[in-house]
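Descriptive structure summary
Residues per chain, in single letters:
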Amino acid sequence: MTTMTAWMKIRRSRGKRNSTMTFQMVTSRRKDTRKRKRDFSSPMSPRDPSQAASHHAALHAHQQSGGASSRCRRSEHRSVTTHERRYLSGAPQAGGAASPSTRSRRRAQRRLTRNESRYHSEVRQEAVKEALAQYQSRPKNLPLPSKRSSVMTARSPDRHHRDSDSEDSDEDSVTAEGSLGSSGGHSGSQGTPEVTRTPLLLPPPQVPSHSGMGTPGSSSGSSHHTPPHPMQQKQQQPLPPIPPHSNRLSNGEDDERTRRELSEMTDLMRNITSFPQPPDVTNNTGGGNNRPPRDDRITRYSGLAPGRQSSSDSDGWRDALYNFPENWRGTGRWKVSNKIQQLLNTLKRPKRRPLPEFYLDDEEDLEIAANPKDPNAPKPEGMVMTPARGEQLVIPAGLPRSVEDAVYRYGSSSGYKAPVATILDANGKLSVSLTYGKLLSRSQKMAYNLLTRLGGRGEGNVMPGDRVALVYPNNDPVSFMCAFYACLQAGLVPVPIEVPLSRRDAGSQQIGFLLGSCGVSVALTSEACFKGIPKTSAGEVVSFKGWPKLTWFITDHLPKPPKDWQIPPRHSDDSAAYIEYSTDKDGSVKGVVVTRSAMLAHCRTLTSACNYTEGEVAVCVLDFKREVGLWHSMLCSVFNGMHVIFIPYSVMKVNPASWMQMITRFKASIAIVKSRDLHWGLLATKDHKDVSLQSLRLLLVADGANPWSLSSCDQFLAVFQSKGLRPDAICPCASSPEALTVSVRRPGHGGANAVGRGVLSMQGLSFGVVRVDQENSLTSLTLQDCGQVLPGAMIVVIKLEGVPFLCRTDEVGEICVAGGAVGDQYWGLQGMTNNTFKVQPLLLDSTPMNGTSTYVRTGLLGFLGPGGLVFVCGSRDGLMTVTGRKHNTDDIIATVLAVEPMKFIYRGRIAVFSHKVLRDERICVIAEQRPDCSEEESFQWMSRVLQAVDSIHQVGIYCLALVPPNHLPKTPLGGIHLSETRKKFLEGSLHPANVLMCPHTCVTNLPKPREVHHGNYVGPASVMVGNLVQGNRLASAQGRDMGLMDDEDGMRRHPQFIADILKWRASTTENHEILTLLNSKGQVATSLTCAQLHKKAERVGCLLLEKGHINTGDHVALIYPPGVDLIAAFYGCLYVGAVPVTIRPPHPQNLQSTVNTVRTVVDVSKSSIILSTLTVIKLLKSKEEKFDSGKKWAPILDTDDLPKKRLPSIYKAPTPEMIAYLDFSVSTTGMLAGIKMSHGAATSLCLSMKVACELYPSRVVALCLDPYCGLGLALWVLSSVYSGHQSILIPPGEVELNPSLWLSAVSQYKVRDTFCSYGVMELCTKGLGSSITALKQRGVNLSCVRTCVVVAEERPRVQLTSSFSKLFSGLGLSPRAVSTSFGCRVNVAICLQGASSPDPTTVFVDLRSLRHDRVTLVERGAPHSLCLMESGKLLPGVKVVIANPDTKGQCSDSHLGEIWVQCNHNASGYFTVYGDDGTSNDHFNAQLVTGSTGEVYARTGYLGFLRRTESVQADGELHDAVFVVGALDETVILRGMRYHPIDIEMTVMRCHKKISECAVFSWTNLLVVVVELDGAEYEALDLVPLITSSVLEEHQVIVGVIVVVDPGVVPINSRGEKQRMHLRDGFLADQLDPIYVAYNM
């Protein structure tokens, strides 16, 4: 006895059943089935993978209902549909009469669900229930997503609010009907956002608090609806006060659960405390839903909408009833921060499998971690298997010599009137019948016309051996049969395909590829089918995507062939007979060639195995164009002279018992079905009494290889054995397109090993090993055999991966078949053909197995049992290898369907697939939910599915998504098109209604966290010594020496300070035009010479002295639009010794937010006077000022009407250290920071820029920048006065109106140097992409530009600058002209590309190294490479070092560190309302602890590195390039590693075309991603899986929270830089008004 038989237990059962081989007989299932049969007339239905819902729930409901109410319900049920009784799916009903509205709603509900019970089965129900029972005691703290109510309404158009007086008893409880609060957003009802949006949990420590968060409501409360937590109740209509004896609390179990959950909430609320937070000067109380302009998106989230209320008068009784604390209706923190805390509490649970060790951030280690070697994994112990041989094929006497001869024999004999095919129509009538005589005549007629009309002398070019497509619908087997045999007779090769219904058919493009690769140019179809094919307005068939051009040939009404026409001679046996298509896991379609000899051998083999005889009647429900349906109903039936009754799928959906009725009517002996048809037949109980299956000797179950077929077969036999069905008539079979029929159970084939089944361990199967399991085990899988090896065939099992070694007897592998009845090749794919059709199995010592036969892979996974029985436990297409263990999609589907499918899954439509993320496959489950499911029910079901799959399969689900009914792509017969579903999911076009991502549970191969050495601390001195020993250069660089420049320039004779320089220029070059302001049309709005500017500044000074009574050192706020008035006011302040503060004016369309920003800067800067124009003053004092805090403005002076006086004298600063002006700006971290710029620093800055950019009075410079802060302020106001060059001033707001304004001005004035912002560059790139030709025709020429500098305080945007250069290269723009600059708060200009500087340098660094603060250069295109461009050249007089921000030790070139700067134009310090503080000393007076410890630097707060290049500077030294990586305060520290937001944001931007903007930040160690959706709201959920997978794949980090918002929500400052910290504050205050918020588990 072999090893296999040693562990199998053999038991024989006598009586009505034949002998049965069993591993461990499953008797409990049969007893349970018989028990249910006694309780109820309909048996439990078997499992169908593609169609399932909870029949169990229907049975339970029926047993609970009373007699009278049941009769009433059945009577009402019959009024809906005549076929309703057979489904027995009525819902339980409470006693008493129901209202008319209730009865109407129930009728509508039944119309939706009347067919649901047929899609359910019993496989794994007990195991799932037991698994879920283990989780009942665990707290339900799954954080549910926040979803905008409009999204929910759009997704569920058929859902209605339930009536408050509904009497449905199946969901009659507080949890089903009640709500703690009403949903907000409806006029007349004031909801409670805290209740309706989120469960109440402890807030995390140090939650940011804002002045505007005191109001309980928020700007998003009225437009959002968050599905309640399981602790909460469903939200439908506002609840009336609950009476003492309400029926809603009558259910004891629900009542107890509700009390327990509410008490848990109350306990949590008692511990809530508030956390004080210092004020943020950038916050204000304005909010609202107005969409602010791009430049003013920084202060949006600090306030709440006015007039919002947090609770209604009816909320008090709820608080008292449920014992909520008085202050439980708190701030907006409930909505976000507590959900994040809830998520953190959930993630604190132990993982399913703890990490055995941490892994390095390395590709090989990630791969190893994804495929761990379990030392306790079971290993195969059996002997190496030997081929299983079928019995010798004995060809019965009298069979035709070929399939074509069979048509001639039966069509020309005396029995030519015998029927060959009959079709059952939708009315249950036999409408069309075809005799053998007509089959012969029609096929010959078609063959003649094909060869003559389309042949050599005809219209086409079809010759014998050519391939033709057969396009016939599933309800027309007669036309298909005639066309198929016509092709065989004419020597053509038929390629059966499905009828194309539209251009967007699922899989249509792959079918087109098959037709093209096979060289198909002719398609045969019927006249009726051709009318239904989509056509153009001209009447021609539309061009389907990917299809070749086809000639459509109608096979109806053809002329007869002449009497002397002869059928062409027979072709060789090795020529192709037909091509059947096979679909891969990824959806690709291949054509399997079946030769004439294989077709004949297959017919003979099936005839012998199934004992087919002439004259038998068969009933076929399957698709007759493919696989089992084609082989048995089209080939074997004609080969044996049988009569086949075809029942289309559309008829089966109307009358599931029609196939049994045809067996009874025609006394058919053969039925060709699937387990689905057995299952549906069970539920047609009304028709059982008239069914007799005594004549049936062969019930061929085509999908017998699926795990749920066992339940279908058992239950069908249990019911219909009394109707004459013999146990040995049920014959499962296994098949594949490549190997044709693999095995089939032989009818009447007795013996000890005729039938077998086994209870196997799924854990063992996941390791590829066969192990017997206990009957009552949660993780067992019961399999039935698929019959014996076919006569004349041999079967072996080979290993799944790598070299085809033979498996052991107790090992699972891929089944391979050798024999004459197999496919020959994939058409046109020789490489894949050799791998599939020419397999040579090897022994363990790598020697070939005895024999010269080559085997064909079947794609089926299984093993061989005793007596050559074939057991199939999965398929290669459904195989998913997760963390080294193998799982099958069918098994996962069976488990998912067992979790209450009746309530949630629409007709059992579930798709399971995997896709590879981070070196491992991740399981995704997509299901269609019923239209009446609430959000809470859906997520409760999803959580149960996660628990069930984890318990039974020991594997986590990566993504679980629910889509609306009938939403998944369908196959022609209505099943789920899996590859198309997967494709839509991965490309983000599936549009799910609910998504739950669980990356924290599934992903266990993350890189090793960065370790912090606390004990063995390595100091900065040791690091420096180590770098010196290794030969690493310490990171230090400096620009040209300022002392050696301008010796012969007259600059030393110039006045020392900038105000004196303007006066000097006004006297020496009074008529030199220095400023030119352009409007949106490109016309000169204002121009000033040096003298005009000087005089205007004097008048401003006089105004300040006369009306403002200004004192020396007073601060003056300048609130002007971009223009020359701002510049004149600036110098007017300097003339009288005042300190100017430039402030952006409020935007008229967004006063609520922008006026407050202006107020904040005025207050913080301590400005005593405001200078502005009349237009801006009206805005400041308009009625919109009600949005402000109510304070009065400082005195405002209008400069439109200046006094025409001259200043008696101009103020001269006594020392260079005196403050010249204040520069206020919102940094990239979202903080408002003002810096003090001294007179000496301003002059030094201008001198550095003059020398670097070679700015002289003869130059013309174009500026398209905001003039309010940073380098933009210096270029607008200071640089032109100092250097004397003409500045063309172009306000960025004018470019928004006219994108070509800037470039046209550059071309018109022959500008050599121009400065812009990223916002302007992006406007030009997007707005002028299609206007290059028009600009060229207008004469725009950019060849004059030598330097185009982007002014920014961030990492250079390489992609944007490259796109800009390529786009406008057609206008003469040199690629080397585009560069970037870098400045920050402590120094507004550190790097700037000069005219004579070397070309900008670009390097590629390893992203993984940057996470560890290391810099590793890699080649372009290397994995994980990041392209970085240097941020311009160091300005003269600037010195930078790279320092460790924590230890303050100097870094080497190979380390990432903070950029420290030392130069004369550093800012003097921060200007704050508190005066000088400690942070100022640290930022502006930092000293290294190694190297030159006495030097003082300013800390920029930006991380970067230096890299010495091969370029030579003007002074002859090698150039040191400065590379800025990102802001230190914005970096995200996760798992000890440093991530830069811009890198993750670029990944997110690439993952979906509808993402218009993105920003990321971290909160409580979770990564939060906010994306702007530039599309419909129903597309929001598509982004969640794509973002999670993309970030995980590229950055090896898990996204914790994904927030989808409308366009324009991500705050951006005037320089186009994202304000991530402001965004974080708005998110935590729940003021983003998100479309959807997903919390990844």
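How each quantity is defined
- All residue numbers refer to position in the chain's written sequence, counted from 1.
- Only residues with pLDDT of at least 70 are given local features in this predicted model, and only at 80 or more are side-chain atom pairs given and counted; all residues enter the totals for whole chains, interfaces and linings.
- With hydrogens and water set aside, each side-chain value is computed from the structure's full complement of heavy atoms.
- Put simply, DSSP H or I for four residues or longer makes a helix, DSSP E for two residues or longer makes a strand, and each gets a number counted from the N terminus.
- Each residue gets one of three labels from its accessible area relative to the maximum for its type: buried under 20%, exposed over 50%, partly exposed in between, using a 1.4 Å probe on protein chains only.
- Working rule for contacts: check all heavy atoms of both residues, and any pair within 4.5 Å makes them a contact.
- Orienting the strands away from the viewer, one traces the path from the first strand over the helix to the second; a clockwise path indicates a right-handed crossover.
- In short, DSSP must find at least two bridges between two strands for them to pair.
- To define axes, lines are fitted to C-alpha atoms, for helices over the stretch in contact only, and angles between the resulting N-to-C directions are given on a 0 to 180 degree scale.
- Roughly parallel here means an angle under 35 degrees, roughly antiparallel means over 145, roughly perpendicular means 65 to 115, and every remaining angle is called oblique.
- By convention the crossing between two helices is left-handed if the near helix lies anticlockwise of the far one by an angle smaller than a right angle, and right-handed if it lies clockwise.
- Gly counts as polar in this scheme, as do all residues outside two lists: the nonpolar Ala, Val, Leu, Ile, Met, Phe, Trp, Tyr, Cys and Pro, and the charged Asp, Glu, Lys and Arg.
- Each residue gets a pLDDT score, which is the predictor's confidence in that residue and runs from 0 to 100.
- Here a pair means two rings of Phe, Tyr or Trp (six-membered ring of Trp) with centres within 6.5 Å. Their orientation is stacked below 30 degrees between planes, edge-to-face above 60, and tilted elsewhere.
- Ring-over charges, as used throughout, are those where CZ of Arg or NZ of Lys falls within 6 Å of the ring centre and within 35 degrees of the ring normal.
- One side-chain nitrogen of Lys or Arg within 4 Å of one carboxyl oxygen of Asp or Glu is enough to make a salt bridge.
- In protein, a polar contact means a hydrogen-donor-capable atom and an acceptor-capable atom, both N or O and within 3.5 Å, with residues adjacent in sequence counting only if both atoms are side-chain atoms; elsewhere, any N or O pair within 3.5 Å suffices.
- By convention a nonpolar core is built from buried Ala, Val, Leu, Ile, Met, Phe, Trp, Tyr and Cys residues, the set being connected through side-chain atoms within 4.5 Å.

All right, on to the overall build of the protein then. From N to C terminus, the protein includes 49 helices and 59 strands. Expressed as a percentage of the 1641 residues in the protein, the buried residues total 61%. The long-range fraction of contacts in the protein, counting pairs at least 24 apart against all pairs at least 6 apart in sequence, stands at 77%.

Turning to the pairing of strand β17 (residues 730–736), a few remarks are in order. Every other side chain in a regular strand lies on the same face of the sheet, so the side chains alternate between the two faces. Along β17, seven of the seven residues are buried, which leaves the element largely enclosed by surrounding structure. Handedness of the crossover joining strand β16 (residues 698–701) and β17 through helix α24 (residues 709–720) is recorded here as right-handed. Across four bridges, β17 lies against strand β18 (residues 740–744) in antiparallel orientation. Paired with Ala-734 across the two strands is Ser-743, which belongs to β18. In sequence, β17 turns back onto β18 through a hairpin of three residues.

The next thing to look at is unusual backbone geometry. With the exception of glycine, the majority of residues adopt a negative phi angle, and the majority of peptide bonds are in the trans configuration. Positive phi, close to 55°, is recorded for Asn-966, a residue that is not glycine. On the secondary structure map, Asn-966 appears in the loop between β31 (957–963) and α30 (978–987). Overall, Asn-966 belongs to the partly exposed group, its relative accessible area being 42%. Positive phi is not limited to glycine here, since Lys-1310 has a value of about 50°. Along the chain, Lys-1310 turns up in the loop between α41 (1301–1308) and β44 (1313–1316).

Our next topic: the packing of helix α34 (residues 1090–1106) against helix α35 (residues 1124–1135). Packing of α34 against α35 brings their axes to within 7 Å, and their N-to-C directions diverge by 60°. The angle between α34 and α35 falls in the class oblique. Between α34 and α35 lies a crossing whose hand is right-handed. For the pair formed by α34 and α35, the contact residues are Leu-1093, His-1094, Lys-1096, Ala-1097, Glu-1098, Val-1100, Gly-1101 and Leu-1104 on the first element and Asp-1125, Ile-1127, Ala-1128, Ala-1129, Tyr-1131, Gly-1132, Cys-1133 and Tyr-1135 on the second. Here the contact of α34 with α35 is built from residues that sort into 10 nonpolar, three polar and three charged.

Across the protein, the average pLDDT comes to 77, with 74% of residues at or above 70. Across residues 155–334 the pLDDT falls below 50, and counting only partners more than four positions away or on other chains, this stretch makes 388 contacts in the model. When the criterion is pLDDT under 50, residues 349–360 qualifies, and its contacts beyond four places in sequence or with other chains add up to 24 contacts.

Tallied over the full model, the rule gives 26 aromatic pairs. Ring geometry for Phe-1224 versus Phe-1471: centroids 6.4 Å apart, planes at 80°, classification edge-to-face. With Phe-1224 in strand β40 (residues 1219–1226) and Phe-1471 in strand β51 (residues 1469–1471), the pair connects residues that are 247 residues apart, well separated along the chain. Here Phe-1471 falls in the buried class, since its relative accessible area comes to 14%. Taken together, Tyr-472, Phe-480, Phe-484, Tyr-485, Tyr-578, Phe-624 and Phe-646 form an aromatic cluster joined through their ring pairs. Sitting above the plane of the Tyr-581 ring, Arg-626 keeps its charged end 4.3 Å from the centroid. One residue, Arg-676, lies across the ring of Trp-680, its end atom 5.7 Å from the ring centre.

Here we come to the pattern of salt bridges. Inspection of the entire model under this criterion finds 46 salt bridges. A salt bridge links Arg-930 to Asp-932; the shortest N-O distance between them is 2.8 Å. With a closest N to O distance of 3.0 Å, Glu-1545 and Lys-1618 form a salt bridge. Taken together, the residues span a long stretch of sequence, with Glu-1545 in helix α47 (residues 1541–1551) and Lys-1618 in the loop between β58 (1599–1605) and α49 (1620–1628) at a distance of 73 residues. According to the relative accessible area criterion, Lys-1618 is buried, its value standing at 16%.

On to the sheet that holds strand β6 (residues 430–435), then. Taken in spatial order, the nine strands of this open sheet run β6-β5-β14-β13-β15-β16-β17-β18-β21, and their pairing is mixed. A single partner strand is all that each edge strand has here, and the edge strands are β6 and β21 (788–789). Pairing between β16 and β17: three bridges, direction parallel. Paired with Leu-700 across the strands is Cys-731, a residue of β17. Its contacts with the sheet place helix α15 (residues 436–453) against β5 (419–424) and β6, and it is angled at close to 70° to β6.

All right, on to the environment of Val-1378 then. Assignment of secondary structure puts Val-1378 in strand β46 (residues 1378–1380). Sequence separation of Val-1378 and Phe-1315 is 63 residues, and the distance between their C-alpha atoms is 9.9 Å. Non-local contacts of Val-1378, meaning those with residues more than four positions away in its chain, are made with Met-1321, Cys-1348, Thr-1361, Phe-1364, Ser-1365, Leu-1373 and Pro-1400.

We now examine the side chain of Ser-633. With respect to the element layout, Ser-633 can be found in helix α20 (residues 627–639). From its side chain, Ser-633 meets the backbone oxygen of Gly-629 in a polar contact 2.3 Å long. Non-local contacts of Ser-633, meaning those with residues more than four positions away in its chain, are made with Met-481, Cys-620, Phe-624, Val-628, Val-644, Phe-646 and Ile-672.

For the rest of this paragraph, the subject is the packing of helix α16 (residues 477–490) against α20. Put simply, α16 and α20 touch, their axes get as near as 12 Å, and they point 60° apart. In this view, α16 runs oblique relative to α20, as classed from their interaxial angle. Two packed elements cross with a definite hand, and for α16 against α20 that hand is right-handed. Mapping the contact onto sequence places Pro-477, Phe-480, Met-481, Phe-484 and Tyr-485 in α16 and Leu-630, Ser-633, Met-634, Leu-635 and Val-638 in α20. Along the lines of polarity and charge, the residues of the contact of α16 with α20 split into nine nonpolar, one polar and no charged.

This paragraph deals with the nonpolar core. Among soluble globular proteins, nonpolar side chains are generally buried collectively. Formed by 119 residues in total, the largest nonpolar core has its most connected members in Trp-941, Leu-1567 and Ile-1587. In terms of residue count, the dominant contributor to this core is helix α29 (residues 935–953) (eight residues). Setting aside chain neighbours within four positions, we find Ile-1587 in contact with Val-1548, Cys-1551, Ile-1555, Val-1569, Val-1571, Val-1599 and Ile-1602. Of all hydrophobic cores here, the second largest spans 98 residues; its members include Cys-1102, Leu-1104, Met-1237 and Ala-1241.

Let us look at the sheet that holds β31. Taking strand neighbours across the sheet as the criterion, the four strands line up as β29-β30-β31-β32 in an open arrangement whose pairing is mixed. Strand pairing shows two members of the sheet lacking a second neighbour, β29 (905–917) and β32 (994–997), which therefore form its edges. Strand after strand, the sheet turns through a mean of 15° between neighbouring axes, direction not considered. The strands that α29 touches are β29, β30 (920–929), β31 and β32; relative to β31, the one it contacts most, it runs at about 150°.

Below, the discussion takes up the pairing of β31. Counted residue by residue, β31 has seven buried out of seven residues, so it is predominantly covered. Pairing of β30 with β31 involves six bridges; the strand directions are parallel. Looking at β31, one finds that Ile-926 is bridged to Ala-961. Taking the sense of rotation as the criterion, the β-α-β connection linking β30, α29 and β31 turns out right-handed.

Here Asn-1613 lies in the loop between β58 and α49. C-alpha separation for the pair Asn-1613 and Gly-1319, spaced 294 residues apart in sequence, amounts to 9.8 Å.

Bringing the environment of Ala-1220 into the picture now. By the element assignment, Ala-1220 lies in strand β40. Owing to a relative accessible area of 1%, Ala-1220 belongs among the buried residues under this scheme. A sequence separation of 83 residues divides Ala-1220 from Gly-1137, and the C-alpha atoms of the two residues are 8.4 Å apart. Each residue touching Ala-1220, except ones within four places of it in the same chain, is listed here: Leu-1134, Ala-1138, Val-1139, Pro-1140, Met-1237, Ser-1238 and His-1239.

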